[in-house]
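Now for the letters of each chain:
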Amino acid sequence: MARSTLRRFRQDRLPSPLIRVALWGAAAAVALAVAGCGEQSPLKPESDPARDIAKLTWWMFGIAGVVFGGAVVMLLIGWLTRREEGLPFIGKRSNVETGAVVVFGIVIPVVVLIGVFAFANLVVLDDTDAPKASSTELTVEVTGNQWFWEVRYPGTKAVTANEIHIPVRTRVNLVGKTDDVIHSIWIPQLNRKIDTVPGHRNRILLYADKPGRYRGQCAEFCGLQHAHMSMYVFADPPERFRAWLRNMERPEAPPAGPSARGGKRIFMANQCASCHTIRGTAARGDIGPDLTHLRDRTTLAGLTIPNRGDYLLRWIRDPQHFKPGNKMPALGLSDAQIQKLVTYLEGLR
Ligand code: CUA
């Protein structure tokens, strides 16, 4: 019996290229799921809401795996024990076959779907919902712009971009807004995503169990540089966060040295000052990110390049090189002038 089954299996082999593609696809999906995407993986949660989401993901993955495995096993049984070549004749069924169709085709899917629906709605949605304002200790306003995030701390003068600092183990009320199109704020290790909708304020709880850096990404297609619209959340010990916030409230650090002073003159005399704000100076533009404490940030251009002098110089020389389509124009300055600008900007701590 076993030998004849095996022979039949060999005789009409399954279409092997298709099977191979399916197996590789499945292996890649599992590898991706297990590896996650490092510091931006919803499968490495660092807060209660994110843990709920990860739990739901794994449960759904497990249940789907069992269902898929069961379906494949039954398909194989049916195929290997068939009495005729070709597709099985659909006609009279035995009671056992009808029972199997009812149990596996109706009862089990209904029970599983109701269970998942209940868990998702009663537990996960509830835990990831907008927090009660009274239950949070700090509010951070994050505004989407094509293509960077402006970050404000209401009640303070602090403004920054793309890099949100929060105190660790503190319930933070994140308010998401937009200045142009719909974006979506998503920091997968900390919570679900919220869309930023014109004329509307969405809220979500931002909470981190451990100090560290959590990567986020705009999760709604918003134009040419949507993919270069990332953000970091730094969860710091509370006293370090307070020191950071105090420093961010200060106006411009006056330029030290002739080169930096020359850079400031160039900044104020050119278009820079009409697009960017540096508090404590005449620069009050609101098209680009606030630069009052530019040096505080670890990255530039929505995490596209590191915040280093050499990158800053190349960015100012040709702003469209790293991020084509962004609103910053090339100013046609000489390299010596750009170097002075960089010296000034690097002093903005
Ligand atoms: Cu902003 Cu996509």
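For the structure itself, look to the data block above.
Read on for an overview of the structure.

How each quantity is defined
- Throughout, a residue's number is its position along its own chain's written sequence, starting from 1.
- Only residues with pLDDT of 70 or above have their local features reported here, since the model is predicted, and side-chain atom pairs are shown and tallied only from 80 upward, although totals for entire chains, interfaces and linings are computed over all residues.
- Side-chain figures throughout are based on the complete set of non-hydrogen atoms in the structure, without hydrogens or water.
- Each nonpolar core is a collection of buried residues, namely Ala, Val, Leu, Ile, Met, Phe, Trp, Tyr and Cys, held together in the definition by side-chain atoms within 4.5 Å.
- Here the term buried applies to any residue with accessible area under 20% of the maximum for its type, exposed to any over 50%, and partly exposed to those in between, with areas from a 1.4 Å probe on protein chains only.
- Helix and strand assignments follow DSSP, with helices taken as H or I runs no shorter than four residues and strands as E runs no shorter than two, numbered in order from the N terminus.
- Note on contacts: a residue pair is in contact if any heavy atoms of the two residues lie within 4.5 Å.
- The pairing criterion is simple: DSSP has to find at least two bridges between the two strands.
- We define a salt bridge as a side-chain nitrogen of Lys or Arg found within 4 Å of a carboxyl oxygen belonging to Asp or Glu.

1. Details of the nonpolar core
Right, so step 1: Membership of the largest hydrophobic core comes to 31 residues, with the highest contact counts inside it found for V140, Y153 and I164.
Right, so step 2: Elements represented by at least two residues in this core include exactly β1 (138–145), β2 (148–152), β4 (163–167), β5 (172–178), β8 (202–206), β9 (212–218), β10 (230–236) and α5 (238–249).
Right, so step 3: With four residues, α5 is the largest single contributor of residues to this core.
Right, so step 4: Once residues lying within four places of it in the same chain are set aside, the contact partners of V140 are V151, R152, Y153, P154, I164, I166, V172, N173, L174 and V175.

2. Some remarks on the pairing of β10
Right, so step 1: Of all seven residues in β10, seven are buried; the element is thus mostly enclosed.
Right, so step 2: A two-sided burial pattern is seen for β10, the buried positions comprising S230, Y232, F234 and D236 on one face and M231, V233 and A235 on the other.
Right, so step 3: In terms of strand pairing, β4 meets β10 through five bridges, oriented parallel. From the neighbouring strand, I164 faces β10, where its bridge partner is V233.
Right, so step 4: Sheet topology note: the β9/β10 ladder contains six bridges and is antiparallel. Looking at the pairing, R213 lines up with F234 of β10.

3. Here's the deal with the pattern of salt bridges
Pairing is possible between side chains of opposite charge, provided their charged atoms come close.
Right, so step 1: Enumeration over the complete set of coordinates arrives at eleven salt bridges.
Right, so step 2: In this structure, R201 engages E141 in a salt bridge whose closest nitrogen and oxygen atoms are separated by 3.3 Å. Taken together, the residues R201 in the loop between β7 (194–196) and β8 and E141 in strand β1 connect sequence positions 60 residues apart.
Right, so step 3: With relative accessibility at 14%, the residue E141 sits in the buried group.
Right, so step 4: It is possible to trace a salt-bridge network through shared partners that takes in D48, R51 and D209.

4. A word on the pairing of β9
Right, so step 1: Pairing of strand β6 (residues 183–186) with β9, which is carried by two bridges, proceeds in the antiparallel orientation. Looking at the pairing, W186 lines up with Q217 of β9.

Read these as layout, nothing more, since geometry by itself doesn't imply function.
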